[in-house]
Structure formats: structure tokens, C-alpha cells
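# Descriptive structure summary
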Amino acid sequence: MPHPLVALVVRHVVNRWTVNRWTVNRWTVRRWADHLTPLVIALACVASTGASAAHAQSAGPLDAPAVTTAPRDRVGGSVVHRLPPVNTYSIWVGGSVGTYSANANENLHGSLRMIGLQWTHDLFVWNGARFSWVTEILPLMLARSEAPSNRVPLWLRDAQAADPVLYARYHEHDATGFGISPLSAQAELPMSARWSAVVQVTSGVAWFTNVVPYGRATQGNFTVSPGVSVQWDATSSSRLALGYTMHHLSNASLGTTNPGMNSHIFYTRLSSRRAR
């Protein structure tokens with residue numbers, strides 16, 4: 001849970017936040033603030049840990065012996081190993097097995113398929129788990145969705161009489177998009193010499209050529225995607241992973257309506273590790 005003082009400050013800022021002469025839906029932003037505050041605190045802790053480690057290393061005596069192993073810092077009762085600069089480059093492909101509205105968990109009878117490119121930078125090892133910063137680009141996103149029958153207005157149920165533009169928004173339609181997720185992180189938990197479990201959370205924005213998922217939603221959306229995978233080290237530099245992620249897409253009530261879309265996605269990821 002976030003510290004009460006942090007939550008109070010965030011909500012005070014939200015209460016005074018206006019954009020382009022109209023006030024953002026405060027309840028929705030408060031809800032997003034409650035969700036994002038723990039993430040901000042966690043990222044701040046990671047940053048402060050790295051800064052403290054760098055300071056501890058640079059503040060040592062000039063005649064100290066050369067360090068031949070990974071530098072270490074003690075946090076509480078655990079040892080943090082700062083890692084050498086190693087980057088991992090990945091490509092992954094995934095598709096959904098179900099899509100549901102985020103606000104009411106109604107079946108959208110659609111799909112979401114995408115290709116992702118990731119850059120992962122190792123930060124440190126803590127209690128055996130490897131923590132990394134992740135930046136992701138989604139160059140191709142293919143979405144298909146339609147409104148649940150009970151969400152279609154009566155005057156838009158007859159294709160002959162309805163406005164064709166509004167009719168298309170509520171009935172099955174496709175959209176092509178792209179996205180970027182710069183605020184992302186992962187933890188790699190070793191299970192054996194060549195197998196590990198990976199917990200990853202990506203967050204960012206996406207834009208589509210059509211409204212997603214339906215109705216008076218928007219073409220631009222925010223995204224957050226927590227997931228887990230099982231990873232196999234094929235060689236010293238190549239890795240293969242199979243995983244699942246729950247991809248959440250929402251406009252944060254910046255549009256007229258915000259049904260949102262939750263997609264249950266299974267994916268395959270191929271990675272290559274390279275020292276800088």
C-alpha cells in the first residue's frame with residue numbers, strides 16, 4: 001500500500017488538474033493514481049538503490065584493491081549485486097484467446113495480435129533474482145472488437161437506417177495500431193541452471209486507426225500489461241520464452257466513454273544477450 005502522505009499529495013494534485021479548459025474526470029484519475037502510486041514508489045526505490053550503490057563504489061579509498069567480482073551493497077539483510085552493463089534484445093509474437101471489456105468484463109468477441117521489440121538493461125541481482133529495466137516498441141498491433149449486444153443503442157441496430165459511421169463503431173470492426181511502453185520492468189527468477197521464471201510489467205500508450213474497443217471510445221489509449229513466462233537459456237547468449245500476459249487497454253476516461261479492453265495473450269519471445 002502507498003504511504004498515506006504520498007496518496008494525499010497525489011490526490012491534492014489531481015483535484016487541481018485541468019487540461020485544455022476542461023477538468024479530467026477526477027474519480028477516474030484518482031483510481032489511476034491509486035494504481036500507479038505503488039509503481040512510482042517502486043521505481044524510485046530502484047533508482048535510489050542504484051544511486052546509493054554508485055556512490056558507495058565511488059566513495060571508496062583511492063588505494064583500495066581492485067574489485068574482481070561484481071560489486072555488492074547490503075540492503076537490510078540481503079546483498080545486492082550490481083551487474084555489468086549487459087543488454088538483451090528481444091522479439092516476441094503473441095495473440096489473444098479472449099477479449100473482454102475492462103469496465104464490465106463483457107465478451108467483446110474480438111482479438112488482439114501483436115509483434116513486440118524489447119530492449120532490456122540489467123540493473124542488479126537481489127536474493128538471486130535479476131532485476132532489469134525494459135523499453136518496448138509494438139510496431140504492429142491488430143485489434144478486432146465489437147460492442148456487446150446490450151451496449152448497442154436501439155437506433156444503431158438497423159444497418160439500413162443507422163448512420164454508417166456510428167454503426168461501424170459498435171459492430172465488428174478491425175483496427176491497426178502501434179504502441180510504445182517505456183515504463184517497464186522485469187524480474188528473472190532462476191529455477192535451474194538453464195531455466196528461469198520471468199515476471200514482467202510493461203506500460204505505455206497505443207494508437208489505432210479505429211476506435212478500440214467500440215462506440216464512443218478513442219483511437220488513442222494507455223496500456224499496462226503484467227505477465228509471466230518460462231524462459232530457457234538455449235546458449236550463453238540466446239534465450240527462448242513462452243508466456244502469458246493480461247494486456248489492459250484504456251483511455252482513462254479521457255474520451256466520451258471508456259469501456260476499455262482486457263486481452264488474455266499467449267506469446268513466444270526470442271532474446272539475444274550482448275555485453276556493451
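Values in this document were obtained by computation on a predicted structure and should not be read as measured data.

### Describing the overall build of the chain
The helix and strand tally for the chain stands at three helices and 12 strands. Buried positions account for 37% of the 276 residues belonging to the chain. Contacts in the chain between residues far apart in sequence, at least 24 positions, make up 63% of those at least 6 positions apart. Accessible area of the chain: about 15600 Å², with a carbon and sulfur share of 63%.

### Description of the packing of aromatic side chains
The description of two aromatic rings rests on the distance between their centres and on the angle between their planes. With the rule as written, the count across this model stands at seven aromatic pairs. Among the aromatic residues, ring-to-ring pairing joins Phe124, Trp126 and Phe131 into one connected group.

### Some details on unusual backbone geometry
Most peptide bonds take the trans form, and the phi angle of most residues other than glycine is negative. Here Val212 and Pro213 are connected by a cis peptide whose omega angle stands at 5°. Along the polypeptide, Pro213 turns up in the loop between strand 9 (195-208) and strand 10 (220-233). Unlike most non-glycine residues, Asn105 shows phi in positive territory, near 55°. In this fold, Asn105 is placed in the loop between strand 5 (86-100) and strand 6 (111-126).

### What about the pairing of strand 6?
In terms of strand pairing, strand 5 meets strand 6 through nine bridges, oriented antiparallel. By the bridge assignment, Gly95 is partnered in strand 6 with Arg113. Here strand 6 runs beside strand 7 (residues 129-145); their pairing, made up of 14 bridges, is antiparallel. The residue bridging Trp119 from the neighbouring strand is Thr135, located in strand 7. In sequence, strand 6 turns back onto strand 7 through a hairpin of two residues, with Asn127 there showing a positive phi of about 55°.

### Some remarks on the environment of Ile91
With respect to the helices and strands, the residue Ile91 is situated in strand 5. A relative accessible area of 41% places Ile91 in the partly exposed class. As for Ile91 and Trp119, which are separated by 28 residues in sequence, their C-alpha atoms are 9.2 Å apart. Among all residues touching Ile91, those that are not within four sequence positions of it are Ile115, Gly116, Leu117, Thr268, Arg269 and Leu270.

### Topic: the confidence of the model for the chain
It should be kept in mind that the predicted coordinates are not to be read in detail where pLDDT is low. Mean pLDDT for the chain: 80, with 71% of residues reaching 70 or above. Below pLDDT 50 for its whole length, residues 12-35 participates in 23 contacts with residues either more than four positions away or in separate chains. Here residues 40-69 scores under 50 on pLDDT; set against residues more than four positions off or in separate chains, the count is 11 contacts.

### Regarding the pattern of salt bridges
For the coordinates displayed, the defined rule picks out six salt bridges. Of the charged contacts in the structure, one is a salt bridge between Arg130 and Asp122, with a shortest N-O distance of 3.1 Å. You can call Arg130 partly exposed: its relative accessible area is 22%. Of the charged contacts, one joins Arg273 and Asp122 as a salt bridge, the two residues approaching to 3.0 Å between their closest N and O atoms. Taken together, the positions of Arg273 in strand 12 (residues 261-275) and Asp122 in strand 6 put the pair 151 residues apart, joining distant regions of the chain. Of the two residues examined, Arg273 and Asp122, each falls in the buried class. Salt bridges sharing common partners tie together Asp122, Arg130 and Arg273.

### Focus: the pairing of strand 9
Summarising the sheet, strand 8 (residues 173-190) and strand 9 pair through 10 bridges and their orientation is antiparallel. Looking at strand 9, one finds that Glu188 is bridged to Val198. The turn joining strand 8 and strand 9, which pair antiparallel and follow one another in sequence, is formed by four residues. In the sheet, strand 9 pairs with strand 10 via 13 bridges, with the strands oriented antiparallel. Of the residues in strand 10, the one forming a bridge with Val205 is Phe222.

### Digging into the nonpolar core
Ranked by size, the top nonpolar core spans 21 residues in total, and within it Leu112, Met114, Met141, Tyr170, Phe208 and Val212 carry the most contacts. Secondary-structure elements contributing two or more residues to this core are strand 6, strand 7, strand 9 and strand 12.

### Observations regarding the side chain of Thr245
Within the element layout of this structure, Thr245 appears in strand 11 (residues 238-250). We classify Thr245 as buried; its relative accessible area is 7%.

About the thresholds
Residues numbered from 1 in each chain as written. Predicted model: local features only at pLDDT ≥ 70, side-chain atom pairs only at ≥ 80, totals over all residues. Heavy atoms only, no water. Helix = DSSP H or I, 4+ residues; strand = E, 2+ residues; numbered from the N terminus. Buried < 20%, exposed > 50% of the residue type's maximum accessible area, 1.4 Å probe, protein only. Contact = heavy atoms within 4.5 Å. Areas by Shrake-Rupley, 256 points an atom, 1.4 Å probe, with all protein chains shown as cover. Phe/Tyr/Trp six-rings, centres within 6.5 Å; stacked < 30°, edge-to-face > 60°. Pairing = 2+ DSSP bridges. pLDDT = per-residue confidence, 0-100. Salt bridge = Lys/Arg side-chain N within 4 Å of Asp/Glu carboxyl O. Core = buried A, V, L, I, M, F, W, Y, C linked by side-chain atoms within 4.5 Å.

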